[in-house]
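Close look at the chain arrangement
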Amino acid sequence: MKLLIPGPVTTHRSVRAALARDFAPWDAAFQPIYHGLRARLLRLGNGAQATHTALILPGCGHFVTEAAIRSLIPPGGRILVPMTGAYAERMARLAREAGRVPVPLPVSPVAPADPDSVRRALLADPSLGHVGLVYSETATGVIHDPAAIGAVVRALGRRMIVDAVSAFGALPLDLAAQPEIDAAVFTANKCLEGIPGAAFVLARADRLAAGAGQAGSWSFDLADVAARLAQGEGPRFTPPAQVLAALDVALDRLDAEGGPPARLVRYRANSRVLYDGMRGLGLTPVLAPHAQGPIVINIHAPADPAWNLQAFVDAVKARGFVISNFYNTARPSFRLGAIGALRPADMKHAVDAIGAALESLGIHERKAA
Ligand SMILES: *Cc1c(COP(=O)(O)O)cnc(C)c1O
């Protein structure tokens with residue numbers, strides 16, 4: 001069974017095999033994995049040891065996003081969130097429920113957010129200390145531009161938090177070139193092709209220290225995590241040791257592939273096979289070709305009265321691929337993930353499976369509903 005979803009992704013068997021070992025988290029057999037991973041991830045984001053720290057939190061992407069918001073924005077602080085889709089809405093909700101003030105910036109759901117609209121919003125409201133940007137909006141498949149938006153943020157002396165969950169490991173991130181980024185967050189189980197259960201933040205050490213004590217949650221206090229590590233101590237609470245050991249193997253595979261640029265080439269090829277394949281089946285992608293990112297392809301639900309998402313998902317699954325069984329765009333569309341340990345040849349098989357599923361369900365009117 002292959003996962004054709006935008007995370008958790010299909011993993012290589014060598015990554016899954018790394019789970020088959022027990023660790024005591026403080027033991028000499030595990031500490032090099034823990035600290036080695038921190039250094040490897042920091043290098044992938046081009047952060048410098050002198051300015052940045054790589055922190056590991058057990059759990060999922062929402063947890064580390066909340067931790068970054070709490071640790072870097074003071075209570076009552078205001079964060080401008082370009083409303084790129086469902087994941088921007090989630091960031092705004094995490095901020096609101098943590099007692100910070102998300103200020104939504106309406107943007108197109110089918111094109112990259114315009115840096116000029118961010119500039120205008122920041123100029124109009126000097127109380128906006130942060131911008132919260134979803135780099136790869138997993139709900140739509142649009143890739144936003146943290147470098148272009150970051151330049152605006154930097155010029156106006158504001159700060160930025162980047163949700164890089166479905167970007168990191170494939171799309172470029174250069175923390176050294178973007179000192180306005182307080183934190184970039186991501187997880188093991190998307191473009192890094194690891195197992196779910198661990199989340200990460202690459203953060204400015206000075207900004208974390210400046211906000212020490214403001215998190216309002218010990219569990220989510222990244223300044224506390226960083227302070228402990230700076231004193232040469234290990235993980236604060238139980239780390240997901242096996243998941244981290246598996247990520248270490250997944251990063252070996254990323255290195256062997258040629259790093260994020262090579263992975264991006266593969267994902268682009270994967271996404272092209274899916275995009276063109278869906279059009280070949282008579283379906284309509286939500287995004288125009290020039291706006292289509294390499295991570296997620298969204299396809300309009302077909303107009304045929306026989307269309308039923310769960311029946312379709314079941315029919316595709318019977319042919320070897322699991323796809324998402326929920327909608328997360330305003331108009332119904334189903335999502336295909338182009339990421340994970342899959343190649344264009346796998347995507348060709350997926351297109352065949354989807355075509356056979358549509359036939360088996362008698363979906364003949366395939367234009368958008
Ligand atoms: C997957 C994802 C998350 C986090 O999801 P979790 O289920 O909490 O791991 C956050 N943002 C984006 C853009 C994502 O794709």
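Predicted, not measured: the structure shown is a model, and the values here were computed from it.

About the thresholds
- Residues numbered from 1 in each chain as written.
- Predicted model: local features only at pLDDT ≥ 70, side-chain atom pairs only at ≥ 80, totals over all residues.
- Heavy atoms only, no water.
- Phe/Tyr/Trp six-rings, centres within 6.5 Å; stacked < 30°, edge-to-face > 60°.
- Helix = DSSP H or I, 4+ residues; strand = E, 2+ residues; numbered from the N terminus.
- Buried < 20%, exposed > 50% of the residue type's maximum accessible area, 1.4 Å probe, protein only.
- Lys NZ or Arg CZ within 6 Å of the ring centre and 35° of its normal.
- Salt bridge = Lys/Arg side-chain N within 4 Å of Asp/Glu carboxyl O.
- Pairing = 2+ DSSP bridges.
- Axes fitted to C-alpha atoms, helices over the stretch in contact; angles between N-to-C directions.
- Disulfide = S-S within 2.5 Å.
- Parallel < 35°, antiparallel > 145°, perpendicular 65-115°, else oblique.
- Left-handed = near helix turned anticlockwise from the far one by under 90°.
- Contact = heavy atoms within 4.5 Å.
- Nonpolar A, V, L, I, M, F, W, Y, C, P; charged D, E, K, R; others polar.
- Patch = residues over 30% accessible without salt bridge, like charges linked within 9 Å, V, L, I, M, F, W, Y side chains within 5 Å.
- Areas by Shrake-Rupley, 256 points an atom, 1.4 Å probe, with all protein chains shown as cover.
- Lys, Arg positive; Asp, Glu negative; His and termini not counted.
- Charge placed at Lys NZ, Arg CZ, Asp CG, Glu CD.
- Polar contact = N/O pair within 3.5 Å; in protein donor to acceptor, adjacent residues only side chain to side chain.
- Arc of directions from axis to C-beta.

1. Remarks on the packing of aromatic side chains
Across all of its chains, the model carries nine aromatic pairs by this definition. Taking the centre distance of 5.7 Å and the plane angle of 25° together, the rings of tryptophan 307 and phenylalanine 334 count as stacked. Placement of tryptophan 307 in the loop between strand S9 (296-300) and helix H11 (309-317) and of phenylalanine 334 in strand S11 (residues 333-337) is noted, with a sequence separation of 27 residues between them. Both residues of the pair, tryptophan 307 and phenylalanine 334, count as buried. Among the aromatic residues, ring-to-ring pairing joins Phe23, Phe30 and Tyr34 into one connected group. When the ring centre of tyrosine 87 is taken as origin, the NZ or CZ atom of arginine 90, which lies over that ring, is 5.0 Å away.

2. Concerning the pattern of salt bridges
One pass over the structure, following the stated rule, counts 19 salt bridges. Note that lysine 2 is salt-bridged to aspartate 346, the shortest N-O span being 3.6 Å. In this pair, lysine 2 is assigned in strand S1 (residues 2-3) and aspartate 346 in helix H12 (residues 344-361), connecting sequence segments 344 residues apart. Residue classification places lysine 2 among the partly exposed residues on the basis of a relative accessible area of 31%. Taking the shortest distance from any N to any O, the salt bridge between aspartate 182 and arginine 207 comes out at 3.1 Å.

3. A word on unusual backbone geometry
Backbone geometry follows two general trends: most residues other than glycine have a negative phi, and most peptide bonds adopt the trans configuration. A cis amide bond, omega -5°, links glycine 7 with the succeeding residue proline 8. Tracing the backbone through its elements, the reader meets proline 8 in the loop between S1 and helix H1 (13-17). Its identity as a non-glycine residue notwithstanding, asparagine 46 has a phi of 50°, on the positive side. Summarising the element assignment, asparagine 46 is placed in the loop between helix H2 (31-44) and strand S2 (52-58).

4. Quick notes on the sheet that holds strand S7 (residues 181-187)
Taken together, the seven strands give an open sheet; going across it, the order is S2-S8-S7-S6-S5-S3-S4, and neighbouring strands pair in mixed fashion. The open sheet has two edge strands, S2 and strand S4 (101-106), and neither has a second partner. Shown here is a sheet whose adjacent strand axes are inclined to one another by a mean of 20°, direction ignored. Where strand S3 (residues 78-83) lies against S4, six bridges are found, and the strand directions are parallel. Bridge pairing in S4 places valine 81 opposite proline 104.

5. Regarding the state of the cysteines
Here the structure, examined in full by the defined rule, presents zero disulfides. This cysteine, cysteine 191, is not joined by any disulfide, and cysteine 60 carries the nearest cysteine sulfur, 17 Å off. Its relative accessible area of 1% is what places cysteine 191 among the buried residues.

6. With respect to the packing of helix H10 (residues 259-280) against H12
It is at 8 Å that the axes of H10 and H12 come closest, and there the two elements cross at 20°. In terms of orientation, H10 and H12 fall into the roughly parallel class. Relative to H12, the crossing made by H10 is right-handed. Residues Ala269, Asn270, Val273, Leu274, Gly277 and Met278 of H10 form the contact with H12, whose participating residues are Pro344, Met347, Lys348, Ala350, Val351 and Ile354. Residue classes in the contact of H10 with H12 are distributed as nine nonpolar, two polar and one charged.

7. Here's the deal with a positive patch on the surface
Together, Arg13, Arg16, Arg253 and Arg343 give the surface a local cluster of positive charge. On the basis of relative accessibility, which here comes to 43%, the residue arginine 16 falls in the partly exposed class.

8. Some points on the pairing of S2
Counting buried positions along S2 gives six out of seven residues, so the element sits mostly inside the fold. Taken together, the seven bridges between S2 and strand S8 (residues 198-204) define a ladder with antiparallel strand orientation. Bridge assignment links isoleucine 56 to a residue of S8, and that residue is phenylalanine 200.

9. Considerations on the environment of asparagine 270
Residue placement: asparagine 270 occurs in helix H10. According to the relative accessible area criterion, asparagine 270 is buried, its value standing at 0%. Beyond its immediate chain neighbours, meaning those up to four positions away, asparagine 270 contacts Ala338, Leu342, Arg343, Pro344 and Met347. A polar atom in the side chain of asparagine 270 sits 3.0 Å from the backbone oxygen of alanine 338.

10. Examining helix H5 (residues 115-124)
Because each turn of an α-helix spans 3.6 residues, side chains separated by three or four positions end up pointing in the same direction. When we look at burial in H5, the residues that qualify are Ser117, Val118, Ala121 and Leu122. What you see down the axis of H5 is that its buried residues fit within an arc of 135°, all on one side. Pointing more than 90 degrees away from the buried face of H5 are the exposed residues Arg120, Leu123 and Ala124. Summarising the contacts, the buried residues of H5 are in contact with S3, S4, strand S5 (128-134) and helix H6 (146-155). N-cap assignment for H5: the residue whose side-chain oxygen lies 3.0 Å from the backbone N of aspartate 116 is aspartate 114.

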